[in-house]
2 protein chains.
Amino acid sequence: MTTVYVDNNATTRVAPEVLDEMLPYFSEYYGNPSSVHAFGGNVAKKIREAREKTAALVGASPEEIIFTSCGTESDNAAVRSALKSAPEKKHIITSAVEHPAVLNLCTALEKEGYRVTYVPVDTSGNFDFDYFTQSLSDDTALVTVMWANNETGVVFPVKDIAEKAAEKGIPFHTDAVQAVGKIPVDVRELPVNMLSLSGHKIHAPKGVGALYVKKGTRFHPFVVGGHQESGRRGGTENVASIIGLGKASELAVDHLPRVDTDVRHMRDYLENTLLETVSFSSINGNRERRLPNTVSIGFDAIEGESILMHIDYAGICASSGSACTSGSLEPSHVLRAMEVPFKSAHGSIRFSLSVYNTMEEMKYIAETLPPIIRKLRMMSPFWDRCNDKA
Amino acid sequence: MTTVYVDNNATTRVAPEVLDEMLPYFSEYYGNPSSVHAFGGNVAKKIREAREKTAALVGASPEEIIFTSCGTESDNAAVRSALKSAPEKKHIITSAVEHPAVLNLCTALEKEGYRVTYVPVDTSGNFDFDYFTQSLSDDTALVTVMWANNETGVVFPVKDIAEKAAEKGIPFHTDAVQAVGKIPVDVRELPVNMLSLSGHKIHAPKGVGALYVKKGTRFHPFVVGGHQESGRRGGTENVASIIGLGKASELAVDHLPRVDTDVRHMRDYLENTLLETVSFSSINGNRERRLPNTVSIGFDAIEGESILMHIDYAGICASSGSACTSGSLEPSHVLRAMEVPFKSAHGSIRFSLSVYNTMEEMKYIAETLPPIIRKLRMMSPFWDRCNDKA
């Protein structure tokens, strides 16, 4: 059985070109880039090249890029640095639908004495901009709002948010982990101070990320140690993975037009076909302002986890929300924040595509899923009631 | 020209067996271990196996191991967690010769209001145990002392230190990054609460480490995010590298007897030959209580960096201290803390061996280095004076 992998918002395949670039740096050119000898020095040169490529992906200068171990570390580093830079301020603004990297950190910060505003979203997952502007205060140390949502793909008005924060002189950080590589992300187009990205969402390996820190933005290191990353992140560089992230950044620039055309086309086909063939199904989130690769679709009266298990037998890998929260039977915090009705929130599935998917795979999903939904509904105690209401 | 790599305390070659284990997890089994589908679930199983192997390396239980991104992160996590666990206590005890991961963090903590005792060492690099015991106070939140020094290889009396801290009810953390894989490290033999280790010092890739946290020791996550690592370290797991660390841990157990025999024999041969053939040379640090793979040797009246550059032309990769501080012309903080005389501290070189070195390589170094030392001394303005004193 072949695997149809449509869980690319959870993680991606390392691109063959990326792995090829990485391979020599494990057992052949394994020197420490901090070393004086040429064996290490040559590695340092490759890291410089990777930094240039990752910077180019988001329109930054190389010296504005700090390599980290993952998107979560980037988020932690950004938030902690902003708070340290304004120790007298005790208020943070974020959204109710952030990734756990920001959300759980904010919860932890509440215990440390911070006041956190979780800007709500509407039933289409749109950011409540008025609520946001009313939350800004002289005590606000940081605004941290994601660029695009991992579950629904809904894209937030980060430019407007960044400009409003800048007006008030408040630093703005965005978790762009899901946006980078899927839609244009250019730090020159908005006043963003810090931006997180992750390698394994763009066909680099897991375990590497980056944090963009705008020139002139104060930065306090999160992982304190040696002089690496210009003293902004201690620890011997994750050489092979950083080189991989560089290559993946280059590929992401090349792939971007195809994500907006081919991938969008496949996503739309899958989404429309499922909506047509499966009654009582609905899309979660604003269909217009959305990542071109993501669809979150709710099927009334059944359990997302059951759907996942059944399609898994058919070789289809998807998610019932973010992989980080899969495993729980509660609807995700994102769908709850959107007040998606219980009956469809519980039966929601996320498909997230990449350029490595094919139209044949979409057709396979579109054929395989409807009979599974019908079967599960036949067994569901909620299905009759749901049907009556129609 | 072949490369003779004797800089294994800086970083190591990824063992071929390690790379083989890692390879399928980049582009083939690339699922997210948090996913519900079997494609991700199978990866989770491999991570469990890796955790068992890394635990076994240090005598821990698998649930006591948290995978991190590097030794530096492990150190940061341990120190920050201990301080959070005792917020009313404002004193930290460490040594003057710690790795920058601990030392620079302690400096940063001084700015946050902590009082830090840097226990001195004697001229042989031995830990001043009396000074240490006198420093313990009711206000001490943490004792963090390295197991073995990265530059000199001097091994500290961690068991005595741990027991003294335990007597006073103070948590003990040890940076065992340089000890693990070179000498027996077993957490069951001493009351250690937390222990840091790093993958790339034991033939796993750069960018992965682990923190042992003894069952019953309170732990506050450093990188806050998803539920990974039982909620103790957020961020998608660095799958391939964790699997690599597991395999490298297994290898390290196998290699340990050879480090104590073959590697020690090669190190002793190199050290004794150099001492015999080069006048005004001396070993930095206690030669008895020392890692079997490390020698720090000082050559009077010349510059370590010049030696490094000359042997680099001959294909020999060594270090003038820790790679993290190479590049500066100041003697390292370790040699300064040992009050190594200026004339030999400046001309100090560290050779650090692994099981992948050969006796032929040692002979090559022993033949290549003395003429370089003579040549450099001929050009040195300090050499005549030094010679006069003899």
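On a predicted model such as this, the values are computed, not experimentally measured, just so you know.

Right, let's talk about the interface of chain A and chain B for a bit. Facing the 62 residues of chain A at the interface are 62 residues of chain B. In total, about 4800 Å² of surface goes out of reach between chain A and chain B, with carbon and sulfur atoms giving 61% of it. Inspection of the chain A/chain B interface yields two salt bridges. Here Lys-84 of chain A makes a salt bridge to Glu-112 of chain B, at a shortest N to O gap of 2.9 Å. Applying the counting criterion to the chain A and chain B interface returns 26 residue pairs in polar contact (both at pLDDT 80 or more). Only α1 (16-22), α2 (24-27), α3 (38-57), α4 (71-85), α5 (100-111) and α10 (304-313) of chain A provide two or more residues apiece to the side of chain A that touches chain B. Here the residues of the side of chain A that touches chain B sort into 26 nonpolar, 25 polar and 11 charged.

Turning to the domain arrangement of chain A, a few remarks are in order. Residue and element names in this part refer to chain A. Here chain A is described as being made up of domain 1 (4-10 + 255-377) and domain 2 (16-251). A C-alpha centroid distance of 27 Å is found between domain 1 and domain 2. With 29 residues of domain 1 at the contact, the number on the domain 2 side is 34 residues. Contact between domain 1 and domain 2 buries roughly 2500 Å² in total, counting both sides, with carbon and sulfur atoms accounting for 57%. Linking domain 1 with domain 2 are zero salt bridges. Only α9 (239-277), β10 (294-299) and α11 (333-337) provide two or more residues apiece to the side of domain 1 that touches domain 2. Among the elements that make up the side of domain 1 that touches domain 2, the one with the highest residue count is α11 (four residues). Residues of the side of domain 1 that touches domain 2, tallied by class, amount to 11 nonpolar, 15 polar and three charged.

The transformation that overlays chain A on chain B combines an axial shift of 0.0 Å with a rotation of 180 degrees, and the residual RMSD is 0.0 Å. In symmetry terms, the pair is related by a two-fold rotation axis. Across chain A, the smallest distance between a C-alpha and the rotation axis is recorded for Ser-69 of chain A, namely 3.0 Å. Of all interface residues in chain A, 100% are interface residues in chain B too; the two copies therefore contact each other through one and the same surface.

Each value, and the rule that gives it
Residues numbered from 1 in each chain as written. Chains lettered and ligands numbered in written order. Predicted model: local features only at pLDDT ≥ 70, side-chain atom pairs only at ≥ 80, totals over all residues. Heavy atoms only, no water. Contact = heavy atoms within 4.5 Å. Buried area = accessible area lost by both parts, 1.4 Å probe. Salt bridge = Lys/Arg side-chain N within 4 Å of Asp/Glu carboxyl O. Polar contact = N/O pair within 3.5 Å; in protein donor to acceptor, adjacent residues only side chain to side chain. Helix = DSSP H or I, 4+ residues; strand = E, 2+ residues; numbered from the N terminus. Nonpolar A, V, L, I, M, F, W, Y, C, P; charged D, E, K, R; others polar. Domains from an automatic or database assignment. Least-squares fit on C-alpha atoms with pLDDT ≥ 70 in both.

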